[in-house]
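Tertiary structure, described
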Amino acid sequence: MTERNSINRTALSAKTLPKKISFAGDRPLRILSLDGGGIKGIFTTHYLARLEELLGNANIGDYFDLIAGTSTGGMIALGLAKDLSARELRYLYLTKGEHLFPRERWNAKNLEYVGDFIHRELDGKWHDKAMFGHDIFFSKYDSEPLRELMAGIVGEDLLGDAKMALCIPSVNAEKHEPAIFKTPHHPDFEMDWKKSMLEVGMGTSAAPTYFKPSVDDDYILLDGALIGNNPIMMAVVDILSRFHVKPDEIRVLSIGTGAILPPLTKRQIEGAGLLAWKNAVDHFNFYQSKNAIGQTCLLVGPQHVHRIEPKVENCGIDLGDYKKAAKLLPNDGTEQADRDFNLLKDLFFSSMSTGLPFHYGSRKLS
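I will try to describe carefully the structure that is included in this document.

What the chain contains, in helices and strands, is 13 helices and 10 strands. Against the compact-globule benchmark of 21 Å for 366 residues, the chain has a radius of gyration of 21 Å, which places it among compact chains. Principal-axis analysis of the C-alpha atoms places the extent of the chain at approximately 65 × 50 × 45 Å. Relative to all contacts within the chain whose residues are 6 or more apart in sequence, the contacts with residues 24 or more apart total 80%. Each charge class in the chain can be summarised by its mean position, and for the 43 positive and 47 negative side chains these summaries are 3 Å apart.

Okay, structure coming up:
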């Protein structure tokens, strides 16, 4: 890799305890936390869009003080921060999702002729084998359609232009460190506000094996799921470490996309190797999420945390399986929003947020 003058976030981080500032609201502070999951964001957007409809078509983002999002959750968070409605994002996921995760995927230019041959000559079984062979050596999907979609959502805006406070995790691959991008809602957060929303969105979505890393002048970024597919604790720690807010004055709506825990096999229990543990990442994500939710409940109280995920029978969809996600998840998200609305109304939707003031950028506190 060519030597780059990339940012070392750890070297620039605070060396003393941060100074807390006041939260001006006379009500609990509200957090929306959105898991990663690729095209399974269809569930998230349908759930939120239905809540909007039940609220008289108000934008859901306007009710939250901070939105945290990983990967597809980060894309949705950035869209809400650009003042898109969840209804608009729901439409984009349904109409553009198939282009992000196409069944035909010959991303390497020198393999395009192979793709033409497979398309013309081979039946479904051999077609799928060829796709698997491709995926062994190359990222499954081309990043350009994802970049085009992100650019259409966020334009040329900077993170400091966001409508509400954001917390978007990624990984700084060159420096081997977390990169949790934050809007300037605290005086300490002066590093990220000039970062483009587009690059933040591409970074948090760069899932290894699915998309190439996101490269810009400052970073080579990998998917935020590597440090937290469920960003709930990042958001809560962000608030508790920087604001004079009691833990039981925080309310969290956390939306998952259907993590599944594969059953332990007899071979794994006996002590298996790489082949038997090829699905280890599913275990990592499942337990990381469970632990983050458990810690959050201990801090703020389980009665103040509302966690929603797809029905069990709809969990386990691959993050690139548009066909299955588009078939199963829209009704699931809509029906669960109908079920939850009366409970959520008092917890989150009694009034809109006035927003956490920004200390730098176009929304700087005057």
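Attention now moves to unusual backbone geometry. For Asp83, which is not a glycine, the phi torsion comes out positive at approximately 75 degrees. Relative to the helices and strands, Asp83 is located in the loop between helix 3 (72-81) and helix 4 (86-100). With a phi close to 55 degrees, His176 is a non-glycine residue in the positive phi region. Within the secondary structure layout, His176 lies in the loop between strand 4 (165-172) and strand 5 (177-182).

Membership of the largest hydrophobic core comes to 88 residues, with the highest contact counts inside it found for Leu48, Leu51 and Phe349. Aside from chain neighbours lying at most four places away, what touches Leu51 is Ile60, Leu253, Ala337, Phe341, Leu344 and Phe349.

What the rule picks out here adds up to one cavity of 30 Å³ or more. As a volume, the largest cavity reaches approximately 110 Å³. Taken together, 13 residues line the largest cavity, and the ones lying closest to its centre are Gly38, Thr72, Met75, Phe101 and Phe211. Elements with a minimum of two residues in the lining of the largest cavity: helix 3 and helix 4. A breakdown of the residues in the lining of the largest cavity according to their chemical character gives nine nonpolar, four polar and no charged.

The subject of this paragraph is the packing of aromatic side chains. Per the counting criterion, the structure on display carries 11 aromatic pairs. A ring pair is formed by Tyr141 and Phe211, whose centres lie 6.1 Å apart and whose planes are at 45 degrees; its orientation type is tilted. Highlighted residues: Tyr141 in the loop between helix 6 (124-137) and helix 7 (144-154) and Phe211 in the loop between helix 8 (197-204) and strand 6 (214-215), separated in sequence by 70 residues. Summarising the burial analysis for this pair, Tyr141 and Phe211 share the class buried. Judged by centre distance (5.6 Å) and plane angle (90 degrees), the rings of Phe286 and Tyr287 are edge-to-face. Note on Phe286: relative accessible area 19%, which makes it buried. When the ring centre of Phe181 is taken as origin, the NZ or CZ atom of Arg9, which lies over that ring, is 4.9 Å away. Taking the ring centre of Phe358 as reference, the NZ or CZ of Arg363 above it sits at 4.0 Å.

Right, let's get into the layout of surface pockets. The volume enclosed by the largest pocket comes to roughly 1300 Å³. Secondary-structure elements contributing two or more residues to the lining of the largest pocket are helix 6, helix 9 (225-228), helix 12 (280-300) and helix 13 (322-348). Looking at the lining of the largest pocket, the element that brings in the most residues is helix 6, giving six residues. A breakdown of the residues in the lining of the largest pocket according to their chemical character gives 19 nonpolar, 14 polar and 16 charged. Lining the second largest pocket are 20 residues, and of these Arg9, Ser13, Lys182, Phe189 and Arg242 lie nearest its centre. Sorting the residues of the lining of the second largest pocket by element identifies helix 1 (9-12), strand 5 and helix 10 (232-242) as the ones contributing at least two each. The class makeup of the residues in the lining of the second largest pocket is nine nonpolar, three polar and eight charged.

Our next topic: the pattern of salt bridges. Oppositely charged side chains can pair when the atoms bearing their charge come close. Under the defined criterion, the tally for this structure stands at 18 salt bridges. Between Arg147 and Glu199 there is a salt bridge, with its nearest N and O atoms 3.4 Å apart. Of this pair, Arg147 sits in helix 7 while Glu199 sits in helix 8, placing them 52 residues apart in sequence. Accessibility expressed as a relative area gives 22% for Arg147, which makes it partly exposed. For the salt bridge of Lys182 with Asp238, the shortest nitrogen-to-oxygen distance reads 3.4 Å. Of this pair, Lys182 sits in strand 5 while Asp238 sits in helix 10, and the two are 56 residues apart along the sequence. For the pair formed by Lys182 and Asp238, the shared burial category is buried. Linked by salt bridges that have partners in common, Arg50, Glu53, Arg90 and Asp338 make up one network.

So, how was this worked out
- Residues numbered from 1 in each chain as written.
- Predicted model: local features only at pLDDT ≥ 70, side-chain atom pairs only at ≥ 80, totals over all residues.
- Heavy atoms only, no water.
- Helix = DSSP H or I, 4+ residues; strand = E, 2+ residues; numbered from the N terminus.
- Rg over C-alpha atoms; globule rule 2.2 N^0.38 Å.
- Contact = heavy atoms within 4.5 Å.
- Lys, Arg positive; Asp, Glu negative; His and termini not counted.
- Charge placed at Lys NZ, Arg CZ, Asp CG, Glu CD.
- Core = buried A, V, L, I, M, F, W, Y, C linked by side-chain atoms within 4.5 Å.
- Buried < 20%, exposed > 50% of the residue type's maximum accessible area, 1.4 Å probe, protein only.
- 1 Å grid on protein atoms, 1.4 Å probe; cavity = no way out; pocket = protein on both sides within 12 Å on 5 of 7 lines; lining within 4 Å.
- Points joined across faces, edges and corners; volume = space filled by probe spheres on them.
- Nonpolar A, V, L, I, M, F, W, Y, C, P; charged D, E, K, R; others polar.
- Phe/Tyr/Trp six-rings, centres within 6.5 Å; stacked < 30°, edge-to-face > 60°.
- Lys NZ or Arg CZ within 6 Å of the ring centre and 35° of its normal.
- Salt bridge = Lys/Arg side-chain N within 4 Å of Asp/Glu carboxyl O.

Function-wise, these values are silent; they only describe arrangement.
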